[in-house]
Amino acid sequence: MLTIAVSKGRIYEEALPFLEEAGITPIDDPKTCRKLILQTSRDDVQLVIIRATDVPTFVEYGAADLGIAGKDVLLEHGAESLYEPLDLKIACCRLMTAAPKDAPDISGRIRVATKYVKTAQRYFAGRGIQAEIIKLYGSMELAPLVGLADCIVDLVDTGNTLKANGLEPRDLIMNISSRLVVNKAAMKMKHQAIQSLLDQFEKTLAER
Ligand code: AMP
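Reference entry: report on the structure contained in this document. A quick note: this is a predicted structure, and the numbers were derived from the prediction, not measured.

In terms of regular secondary structure, the protein is built from eight helices and 11 strands. Overall, the C-alpha framework of the protein stretches about 55 × 35 × 30 Å when taken along its three principal axes. For the protein, contacts bridging at least 24 residues in sequence account for 67% of all contacts bridging at least 6. When the accessible surface of the protein is split by element, carbon and sulfur atoms take 51% of a total near 11000 Å². Each charge sign in the protein was given a centre, from 26 positive and 28 negative side chains, and these centres are 3 Å apart.

Below is the structure:
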């Protein structure tokens, strides 16, 4: 049995059609069913649908053999303990800094609200900018509006969320897409099964 951990939410919405094209269809409808482990049309493959930030942890510890997670989450987790063989080119967006519209750049120490603490630290340190990083778990856009931070680091897709809150995108930190990750031990112990799945995924990607 191979277990694939898939991030809930936006990634799942795009991962499901990809998996279906690769011949893996959940038997229960994940929208109506509350099961956390989904059997699929392939009796040797099951899915676990979990929070995005938990995917690297499940795969690292071998609770799942493979996972589908955003590059943003992998960067923040530190993915040295995982293989990352494929860019699935789904759930594409940009990790960016954003600030109130027309606000002048701040010289000196800035306050940054984000859930990507390590990535933001690395980014500002790399540019020689002194930044105090404030960890938030959601609604980052609110932070500059209430004086908690000067700017935020968050994912931007259409830019509508920023705009609706009077913010504007500033600097691109990285283009983001979802990646397939594989547990290192499983890659050795279940080599044939995993390799044939990787071959299938590569073929599906090429046909898209
Ligand atoms: P948008 O308004 O289209 O720019 O989307 C921005 C909001 O959606 C922010 O709250 C982001 O954190 C979230 N978001 C955008 N793209 C993704 C993605 N690929 N994965 C997860 N969250 C995303």
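A few words on the layout of surface pockets. By volume, the largest pocket is sized at about 1000 Å³. Every residue lining the largest pocket is counted, 36 residues in all, and those nearest its centre are D72, K115, Y116, D154 and L155. Put simply, the parts of the chain that give the lining of the largest pocket at least two residues each are helix 1 (10-21), helix 3 (71-77), strand 9 (151-156) and helix 6 (160-164). Tallied by class, the residues present in the lining of the largest pocket amount to 13 nonpolar, 12 polar and 11 charged. The space that makes up the second largest pocket amounts to roughly 350 Å³. Along the wall of the second largest pocket there are 20 residues; nearest its centre are D105, I106, I110, C151 and R170. Among the secondary structure elements, those contributing two or more residues to the lining of the second largest pocket are strand 6 (93-100), helix 4 (117-126) and strand 10 (167-176).

Next up on the list: the site of the ligand. All residues in the neighbourhood of the ligand are listed as R10, A91, C93, E141, D154, L155, V156, D157, T158, G159, N160 and T161. Contacts to the ligand include A91, whose backbone N or O atom sits 3.0 Å from a nitrogen atom. Of the pockets mapped on this structure, the ligand occupies the largest pocket. The greatest single-element share of the shell around the ligand, amounting to three residues, is contributed by strand 9. Class assignment of the residues belonging to the shell around the ligand gives a composition of four nonpolar, four polar and four charged.

For the coordinates displayed, the defined rule picks out two aromatic pairs. The interplanar angle of 50 degrees and the centroid separation of 5.4 Å between the aromatic rings of F18 and F201 together place this pair among those described as tilted. Of this pair, F18 sits in helix 1 while F201 sits in helix 8 (residues 191-207), placing them 183 residues apart in sequence. Here F201 falls in the buried class, since its relative accessible area comes to 0%. Over the ring of Y83 we find K184; its NZ or CZ atom is 5.3 Å from the centre of that ring.

Before going further, it helps to spend a moment on the sheet that holds strand 4 (residues 66-70). In space, the six strands of this open sheet follow the order 2-3-1-4-11-5, with mixed pairing throughout. Edge strands, defined here as strands with exactly one partner in the open sheet, are strand 2 (37-39) and strand 5 (82-87). When the angles between neighbouring strand axes are averaged without regard to direction, this sheet yields 30 degrees. Across six bridges, the pairing between strand 1 (residues 2-7) and strand 3 (residues 45-50) is parallel. Paired with S7 across the two strands is I50, which belongs to strand 3. Across the sheet, helix 8 is in contact with strand 1, strand 4, strand 5 and strand 11 (178-183); its angle to strand 5 comes to roughly 25 degrees.

This brings us to a positive patch on the surface. On the surface, a cluster of positive charge is made up of K8, R51, K115, K118, R122 and K135. Checked against the element boundaries, K8 lands in the loop between strand 1 and helix 1.

Another aspect to go through is the nonpolar core. Counting 31 residues, the largest nonpolar core has I4, I68 and F201 as its most contacted members. For this core, the secondary structure elements donating two or more residues are strand 1, helix 1, strand 3, strand 4, strand 11, helix 7 (184-189) and helix 8.

With that settled, the discussion passes to the side chain of D154. By secondary structure assignment, the location of D154 is in strand 9. Buried and without a salt bridge, D154 has K115 as its closest oppositely charged side chain, separated by 5.4 Å.

Parameters at a glance
Residues numbered from 1 in each chain as written. Predicted model: local features only at pLDDT ≥ 70, side-chain atom pairs only at ≥ 80, totals over all residues. Heavy atoms only, no water. Helix = DSSP H or I, 4+ residues; strand = E, 2+ residues; numbered from the N terminus. Contact = heavy atoms within 4.5 Å. Areas by Shrake-Rupley, 256 points an atom, 1.4 Å probe, with all protein chains shown as cover. Lys, Arg positive; Asp, Glu negative; His and termini not counted. Charge placed at Lys NZ, Arg CZ, Asp CG, Glu CD. 1 Å grid on protein atoms, 1.4 Å probe; cavity = no way out; pocket = protein on both sides within 12 Å on 5 of 7 lines; lining within 4 Å. Points joined across faces, edges and corners; volume = space filled by probe spheres on them. Nonpolar A, V, L, I, M, F, W, Y, C, P; charged D, E, K, R; others polar. Near = heavy atom within 4 Å. Polar contact = N/O pair within 3.5 Å; in protein donor to acceptor, adjacent residues only side chain to side chain. Sits in = over half its atoms within 2 Å of the grid points. Phe/Tyr/Trp six-rings, centres within 6.5 Å; stacked < 30°, edge-to-face > 60°. Buried < 20%, exposed > 50% of the residue type's maximum accessible area, 1.4 Å probe, protein only. Lys NZ or Arg CZ within 6 Å of the ring centre and 35° of its normal. Pairing = 2+ DSSP bridges. Axes fitted to C-alpha atoms, helices over the stretch in contact; angles between N-to-C directions. Patch = residues over 30% accessible without salt bridge, like charges linked within 9 Å, V, L, I, M, F, W, Y side chains within 5 Å. Salt bridge = Lys/Arg side-chain N within 4 Å of Asp/Glu carboxyl O. Core = buried A, V, L, I, M, F, W, Y, C linked by side-chain atoms within 4.5 Å.

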